[in-house]
Amino acid sequence: ETGVTQTPRHLVMGMTNKKSLKCEQHLGHNAMYWYKQSAKKPLELMFVYNFKEQTENNSVPSRFSPECPNSSHLFLHLHTLQPEDSALYLCASSQQNYGYTFGSGTRLTVV
Amino acid sequence: TQLLEQSPQFLSIQEGENLTVYCNSSSVFSSLQWYRQEPGEGPVLLVTVVTGGEVKKLKRLTFQFGDARKDSSLHITAAQPGDTGLYLCAGAGGAGSYQLTFGKGTKLSVIP
């Protein structure tokens, strides 16, 4: 248990499905992040929330839609994904950039 | 765009050997962090270095931040199978920046 909990751990979805990934932290951190980790690529920052406000959207396709209802919870809503979206999706939190605490990730497979 | 190059990409060594992995950039970072990631898990923070020339030791792991704050190294003494994993370096921007730039990582295998 790292302090950041992600559910589900594994997800298989069809290209026409709608699903959501959930992330929860009770570390008192003010920033939360979604990252995508694919083979042979660096961790790709997708979205940043600081005090519940989205501050970064790194040209992520609209089929990924984040939601941050409060400073402890972060969601990533998925719809009409493509097979190339299959990856490990990691949530992290931090107090400024003084070291991130990552969750265990959701291994997503799009079929 | 800030980029971090890590080398080597892959490293396979015998238990008991020493090793060094590198993290290089043409950009200056306000701080640099090292993480270790095991299969099926998220990265876990090992250390943060902040001052140019800083050296930090964590048991058998020694981390160094370059004088110009553009590069870093991680040295492991007497590697053990439990050290196996993906080692990631990440650079932080200026004050108030919430973004980290990650390298691709070095995948280390320590063979018993």
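Residues numbered from 1 in each chain as written. Chains lettered and ligands numbered in written order. Predicted model: local features only at pLDDT ≥ 70, side-chain atom pairs only at ≥ 80, totals over all residues. Heavy atoms only, no water.

(A) Local environment of the sheet that holds strand β7 (residues 61-65) of chain B. Residue and element names in this part refer to chain B. One open sheet holds the five strands; their spatial order is β1-β3-β8-β7-β6, and the pairing between them is antiparallel. Edge positions in the sheet fall to β1 (5-7) and β6 (55-58), since each has one partner strand and no second. Taking each pair of neighbouring strands and ignoring which way they run, the sheet shows an average axis angle of 15 degrees. Here six bridges tie strand β3 (residues 19-24) to strand β8 (residues 71-76), and the two strands are oriented antiparallel to one another. Counted as the bridge partner of N24 is D71 from β8. (Pairing = 2+ DSSP bridges. Helix = DSSP H or I, 4+ residues; strand = E, 2+ residues; numbered from the N terminus. Axes fitted to C-alpha atoms, helices over the stretch in contact; angles between N-to-C directions.)

(B) Representation of the packing of aromatic side chains within the structure. Applying the stated rule across the entire model yields eleven aromatic pairs over all chains. Ring geometry for Y35(A) and Y100(A): centres 6.2 Å apart, planes at 55 degrees, overall tilted. Of the two residues, Y35(A) is situated in strand β4 (residues 31-37) and Y100(A) in the loop between β9 (87-94) and β10 (101-102); the sequence distance between them amounts to 65 residues. Note on Y35(A): relative accessible area 0%, which makes it buried. Seen in terms of ring centroids, Y35(A) and F102(B) are 5.5 Å apart; in terms of plane orientation they differ by 80 degrees. Their pairing is edge-to-face. Taken together, the residues span two chains, with Y35(A) in strand β4 and F102(B) in strand β10 (residues 100-102). (Phe/Tyr/Trp six-rings, centres within 6.5 Å; stacked < 30°, edge-to-face > 60°. Buried < 20%, exposed > 50% of the residue type's maximum accessible area, 1.4 Å probe, protein only.)

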